[in-house]
Amino acid sequence: MIRVQHVAPDTLGAALGFIPGTQLLAVNDRDLEDFLDWEFLTADERFVLRAQLPSGEEIEYDVERPEGLPLGVTLEPPRIRRCANHCDFCFVDGNPAGLRQVLYIRDDDYRLSFRYGNFATLTNLKPWDLDRIVEYRLSPLYVSVHATDPVVRRWLLRNPEAPEIVSQLRWFGERGIAFHSQVVLVPGVNDGPQLERTLTDLYALGAPVLSVSVVPVALTEFSKHELVRQPTRDECRAALQTVGAFATRSLTERGHPWCFGADDLYLQAEEPLPAEEWYGDFEQRENGVGAVRYLQTRIAAASERLGAGEWRGKRIAIATGAAMAPLMPQVVDGLARVTGARFEVLQLENTMFGASVTTAGLLPGAAFLGALRERDDFDLALLPAEAVNDDLVFMDDLDARDLAAQLPMPVRFSYDFADALIERGTRNVERETARPSSAFRLPTSAFGEGSG
Ligand code: SF4
């Protein structure tokens, strides 16, 4: 059963008399479980819908929907599928007390994987889910593989029931489902020969595995440090060599690199990032793969509009985490050239999770407040959009509007700088890019990246 949260005026949903609280029960006698059923089963031009109004009245509608006409119905958020694993590096376990409630939810939900690109392990699928993924062609999915050796994977996931991932992916691949995959690199567990094996197995699956990223494990002060540690520089370098070997092979055989190191892997290895062409369509950018190069391409693409002179001579702060700050000069130099503004990158320490958490999207509002409160020399501050949720609230529950009221300069939230700088006449606090999905996402950012 799913419930209507909002109905847009002058739409088919409004004409049918839906109001918030209306329960959508079945389409063509198929019960509706969630938003996927709703979207797929109502895609036809004609269908029979059974619904119950908040008054309790049950109505059957014979709906004719001209192609392309939106129903205008927003559903209540889905009940998130909880994770059945207990990874030692789980970010949720690494959360301190007192954060937004959503940050304590371990989601492992193929529906959110399809819709929003969240990574899922596919360890909690029922036969009904398998059928559904194939029937609705939920492709591509984003899958946390970590290791293809079943013993190692089960150990990493702390789940002795986890099915074999290779046969699972093969089964889906034979039915037309494709995947982007990731390996969260845990030194001493799934690096070295295990990484070789994982990449070999994934590569052998052929076209259905669209890409694989290797992301160094990210830990907080609250993580289980006795069980898992961050890779050293040399371990990151070794992983990059393996990644590079597979990428070279794929370039030759398939015409694209296929295998990518996360920006953070290059950063921790102290090695330069590949050129932007390497990343193709930046398909794992949300996973911190090619995020820097993506920013540079966005700025270059916007340079004509950015160069109008509005920012010439202005001082602009870019507040970000330690992961991205060292890479920022590569981004900011181009930005300064086209805008004529002077940028200062402020590298903030995460006062909530500890200094080891370097992702900008996980910075608490208090960190921005502390860094900017006394800085009346700035004309503008750019903050990472992923640091706030859709209600403009930071990890530590500080409202962005309250933050802005305490700062001496206007504040704008941005994914790629160009978005915030092109906008004119904005309010003091402006979220430049609305992302309806962000409440379900592990915060990742154009300013930094997370892994999970
Ligand atoms: S890291 Fe992901 S798969 Fe592992 S326990 Fe946490 S939510 Fe589950």
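Residues numbered from 1 in each chain as written. Predicted model: local features only at pLDDT ≥ 70, side-chain atom pairs only at ≥ 80, totals over all residues. Heavy atoms only, no water.

> When you look at the overall build of the chain in this model, what are you seeing that I'm missing?
Along the backbone of the chain there are 15 helices and 15 strands. Taken over C-alpha atoms, the radius of gyration comes to 23 Å for the chain, in line with the 22 Å a tight globule of 452 residues would show. Its C-alpha atoms give the chain principal-axis dimensions of roughly 60 × 55 × 45 Å. Burial statistics for the chain: of 452 residues in total, 56% are counted as buried. Taking the contacts inside the chain whose residues are at least 6 apart along the sequence as the reference set, 69% of them involve residues at least 24 apart. (Helix = DSSP H or I, 4+ residues; strand = E, 2+ residues; numbered from the N terminus. Rg over C-alpha atoms; globule rule 2.2 N^0.38 Å. Buried < 20%, exposed > 50% of the residue type's maximum accessible area, 1.4 Å probe, protein only. Contact = heavy atoms within 4.5 Å.)

> For this particular structure, what's the right way to read a negative patch on the surface?
On the surface, D29, D31, E33 and E60 cluster together to form a negatively charged patch. Along the chain, D29 falls in the loop between β2 (23-27) and β3 (30-31). What makes D29 exposed here is its relative accessible area of 69%. (Patch = residues over 30% accessible without salt bridge, like charges linked within 9 Å, V, L, I, M, F, W, Y side chains within 5 Å. Areas by Shrake-Rupley, 256 points an atom, 1.4 Å probe, with all protein chains shown as cover. Salt bridge = Lys/Arg side-chain N within 4 Å of Asp/Glu carboxyl O. Lys, Arg positive; Asp, Glu negative; His and termini not counted. Charge placed at Lys NZ, Arg CZ, Asp CG, Glu CD.)

> Explanation requested: the pairing of β2 in the structure shown.
Working note: regular strand, side chains alternate between the two faces of the sheet. Counting buried positions along β2 gives five out of five residues, so the element sits mostly inside the fold. Relative to β2, strand β1 (residues 2-7) is paired through two bridges, and the arrangement is antiparallel. Within the sheet, the bridge partner assigned to I2 lies in β2 and is L24. Summarising the sheet, β2 and strand β4 (residues 46-52) pair through four bridges and their orientation is antiparallel. Bridge pairing links V27 to L49 in β4. Both β2 and β3 contribute to a ladder of two bridges, which runs antiparallel. Among the inter-strand pairings, V27 is bridged to a residue of β3, identified as R30. Taking the residues between adjacent antiparallel strands as the criterion, β2 and β3 are bridged by two residues, where N28 takes a positive phi near 50°. (Pairing = 2+ DSSP bridges.)

> Would you take a moment to explain the sheet that holds strand β10 (residues 259-261) for this structure?
Taken in spatial order, the four strands of this open sheet run β7-β8-β9-β10, and their pairing is parallel. Edge strands, defined here as strands with exactly one partner in the open sheet, are β7 (141-144) and β10. Strand-to-strand twist in this sheet, taken as the mean axis angle between neighbours without regard to direction, amounts to 20°. The pairing of strand β8 (residues 179-185) with strand β9 (residues 209-216) spans seven bridges and is classified as parallel. The residue of β9 that forms the bridge with V184 is V215. Along the sheet, helix α8 (residues 233-254) contacts β8, β9 and β10; its crossing angle with β10, the most-contacted strand, is approximately 155°. (Axes fitted to C-alpha atoms, helices over the stretch in contact; angles between N-to-C directions.)

> What am I meant to see in the site of the ligand here?
Residues in close proximity to the ligand total eight residues, the closest being C83, N85, C87, C90 and R106. Across the shell around the ligand, the residue classes break down as three nonpolar, four polar and one charged. (Near = heavy atom within 4 Å. Nonpolar A, V, L, I, M, F, W, Y, C, P; charged D, E, K, R; others polar.)

> Help me understand the pattern of salt bridges in this model?
For side chains bearing opposite charge, pairing can occur when the charged atoms are close. Under the counting rule described, the total for this entry stands at 25 salt bridges. Put simply, E76 and R3 hold a salt bridge, and the shortest N to O gap is 3.4 Å. Taken together, the positions of E76 in the loop between β6 (73-75) and α3 (110-116) and R3 in strand β1 put the pair 73 residues apart, joining distant regions of the chain. For R3, a relative accessible area of 29% puts it in the partly exposed group.

> Can you help me understand the environment of Q230 in this one?
Relative to the helices and strands, Q230 resides in the loop between β9 and α8. Given the relative accessible area of 29%, Q230 is considered partly exposed. Sequence separation between Q230 and V186 is 44 residues, and the spatial gap between their C-alpha atoms is 7.0 Å. Here the side chain of Q230 touches L219 through a polar contact of 3.5 Å, landing on its backbone nitrogen. (Polar contact = N/O pair within 3.5 Å; in protein donor to acceptor, adjacent residues only side chain to side chain.)

> Explain the packing of aromatic side chains here, please?
Aromatic ring pairs are reported here in terms of the distance separating the ring centres and the angle at which the planes meet. Taken as a whole and judged by the stated rule, the model has eleven aromatic pairs. Ring centres of F394 and F413 lie 5.9 Å apart, and the angle between their planes is 50°; this geometry places the pair in the tilted category. Pair noted here: F394 is in the loop between β13 (380-384) and α14 (400-405) and F413 is in strand β14 (residues 411-414), with a separation of 19 residues, a long-range link. The same class applies to F394 and to F413, which are both buried. The lysine or arginine in question, R158, covers the ring of W155, its NZ or CZ lying 4.2 Å from the ring centre. (Phe/Tyr/Trp six-rings, centres within 6.5 Å; stacked < 30°, edge-to-face > 60°. Lys NZ or Arg CZ within 6 Å of the ring centre and 35° of its normal.)

> Before we go on, may I ask you to explain the pairing of β13 in this structure?
Most of β13 sits inside the fold, with five of its five residues counted as buried. Bridging between strand β11 (residues 315-321) and β13 involves three bridges; their strand directions are parallel. The residue bridging I316 from the neighbouring strand is L380, located in β13. Judged from the four bridges that link them, β13 and β14 form a sheet pairing that is parallel.

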